[in-house]
Amino acid sequence: ATFDMGAQGVDPEGPNHDPMARSDEGPVHRVSLDWFLVSKFELTQGQWRRLGGTSACAFPDGETLPVESVSWGESRDLLRRYGLDLPTEAQWEYAARAGSSAAWVTGFDREALADHANFADRESATRWGWPVREGAPRRSDPFGPTAPVDAQLSNRFGLYAVHGNVWEWCRDRFAAYDRPLRPANGLRRGGLGSSRVVRGGSFFDLPERMRFATRSDHMPDERLKFVGLRPVRAVE
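Cut-off values and rules
- For every chain, the first residue of the written sequence is number 1, and numbering continues from 1 onward in sequence order.
- Selection of residues for local features in this predicted model requires a pLDDT of at least 70, selection of side-chain atom pairs for listing and counting requires 80 or more, and totals for whole chains, interfaces and linings are taken over all residues.
- To get the side-chain values, all heavy atoms of the structure are used, and hydrogens and water are removed first.
- Helical segments are the DSSP runs of H or I of at least four residues, strand segments are the runs of E of at least two, and each set is numbered from the N terminus.
- Relative accessibility decides the category of a residue: with a 1.4 Å probe and only protein chains considered, values under 20% of the type maximum give buried, values over 50% give exposed, and everything between is partly exposed.
- Note on definitions: a residue-residue contact is assigned when non-hydrogen atoms from the two residues lie within 4.5 Å.
- Accessible surface is estimated by sampling points in the Shrake-Rupley manner with a 1.4 Å probe; for residues, cover comes only from the protein chains shown.
- Here the positive residues are Lys and Arg and the negative ones are Asp and Glu; neither His nor the chain ends is included.
- Charge coordinates come from a single atom per side chain, which is NZ of Lys, CZ of Arg, CG of Asp or CD of Glu.
- The way it works is a 1 Å grid over only the protein atoms, where trapped points that fit a 1.4 Å probe form a cavity and open points with protein on both sides within 12 Å along at least five of seven lines form a pocket, and then any residue with an atom within 4 Å of a point lines it.
- Grid points are joined across faces, edges and corners, and a volume is the space filled by probe spheres set on the points.
- Think of a polar contact as two N or O atoms within 3.5 Å of one another; within protein, one of them needs to be a possible hydrogen donor and the other a possible acceptor, and neighboring residues in sequence only count if both atoms come from side chains.
- To define a nonpolar core, start from buried Ala, Val, Leu, Ile, Met, Phe, Trp, Tyr and Cys residues and group those joined through side-chain atoms within 4.5 Å.
- Pairing between strands is defined by DSSP: at least two bridges between the two strands are required.

Engineer: Report on the overall build of the protein, specifying residues and quantitative values.
Structural biologist: The helix and strand inventory of the protein stands at four helices and eight strands. Starting at the N terminus and walking to the C terminus, you meet the elements of the protein as β-β-β-α-α-α-α-β-β-β-β-β. Principal-axis analysis of the C-alpha atoms places the extent of the protein at approximately 45 × 45 × 30 Å. Residue burial in the protein is summarised as follows: out of 236 residues, 55% are buried. Restricting the contact set of the protein to residue pairs at least 6 apart, pairs at least 24 apart contribute 68%. Per element, the accessible surface of the protein, about 10,500 Å² overall, is 52% carbon and sulfur. Each charge sign in the protein was given a centre, from 31 positive and 33 negative side chains, and these centres are 4 Å apart.

If you want it as C-alpha cells, here you go:
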C-alpha cells in the first residue's frame, strides 16, 4: 500500500493540497506500507470490557459508544494480548484517507461532514450548555458528546468515524516529518519527548481539527474523555 502522507498549502497542483494545512503536516511524502487489517469502528466500551479492560469512561451510556478516558499504555497492553495493536500514524492516515487527497471524506465540503462526523456543532453546544464555537458549521450532527461508533456514514474503505467522535491513539511518538519511517508499518523513528500521536479529532473539535492530515499529541499516561482507539493487526 503506497500513498502520499501529510498536507501542504503552497502548490495547488501538488499532492494533498489543502489551504488549511499546518506546518507540522508537511512536507507531503510518499509512504509504502505492508498490508494490515484495521477495525471498521473505534473500539467500543463493550468491547473494551470483554477484552478485559477496566473502564471509567466519562460518558458510560452504552455498549456501542467509543471507549475513552483510556491511556496509550493501557490501550496498547490490552490489545497486544490478542495480537492487535494501535496503528502507526502512517497506517492511520492511509486507512482514513482511503485514497483521498482532500481534507475530509467529503472532499472540502465541511457542511456535509454532519453525515460522517460527530463534531463541535451548534446543536450539541446548546444541548450540553457549551458556548457555540466560533466557526461552527451551520449543519449539526445529531449527537453529543460521543456517538455510537456505527451511527454515521463511513469512508470509502468502510471505516466509520475517521473524523470526530474521539481522537484515536497512534503508536508513534510525535515527531517531525523529516524523521525516517520504519519499513513495513511506517512507524516514525525518533521524536522529542514522550508524547504520543492522536489522530482524527473529537466531538469537541471543529472540522478544521478533524482533517485527514491533522496531528496532535498527548502524554501516554493521560486518560482523556475525548481520546479513544481503533485497533489494527498485521497481515502475516
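Back to the write-up after that little detour.
Engineer: Give a description of helix α3 (residues 89–97) that names residues and reports values.
Structural biologist: Extensive coverage of α3 is indicated by the burial of nine of its nine residues. Here the buried face of α3 lies against β1 (2–5), β2 (29–32), β3 (36–38), β4 (167–173), β5 (196–199) and β8 (232–234). Just past α3, the residue Ala98 takes up positive phi, approximately 50°.

Engineer: Help me get a handle on the layout of surface pockets, residues and values and all.
Structural biologist: When its volume is computed, the largest pocket comes out at roughly 220 Å³. As for the largest pocket, its lining consists of 14 residues, of which Gln91, Arg171, Asn185, Arg233 and Ala234 are closest to the centre.

Engineer: Requested: an account of the environment of His116, with residues and values cited.
Structural biologist: Topologically, His116 is positioned in the loop between α3 and α4 (122–128). Expressed as a C-alpha distance, the spacing of His116 and Thr106, which sit ten residues apart in the sequence, is 8.3 Å. Those residues in contact with His116 that lie beyond four places of it in its chain are Val105, Thr106, Gln152, Leu153, Ser154, Ala161 and His163. One polar contact links the side chain of His116 to the main-chain carbonyl oxygen of Leu153, over a distance of 3.5 Å.

Engineer: Would you mind going over the nonpolar core in detail, with residue names and values included?
Structural biologist: Formed by 19 residues in total, the largest nonpolar core has its most connected members in Phe3, Met5, Val31, Leu33, Phe36 and Tyr94. Of all the elements in the fold, those that place two or more residues in this core are β1 and α3. Ranked by residue count, the leading element in this core is α3, at five residues. Apart from the residues within four sequence positions on either side, Phe36 is in contact with Gln91, Tyr94, Ala95, Val232, Arg233, Ala234 and Val235. Formed by 16 residues, the second largest nonpolar core is a distinct cluster that contains Leu43, Cys57, Trp167 and Leu224.

Engineer: Before we move on, could you go through the pairing of β4 and cite the residues and values that matter?
Structural biologist: Each regular strand carries side chains that alternate between the two faces of the sheet. Of all seven residues in β4, six are buried, a share of seventy percent or more. For β4 and β5, the ladder comprises three bridges, and the chain directions are antiparallel. From the neighbouring strand, Arg173 faces β5, where its bridge partner is Arg196.

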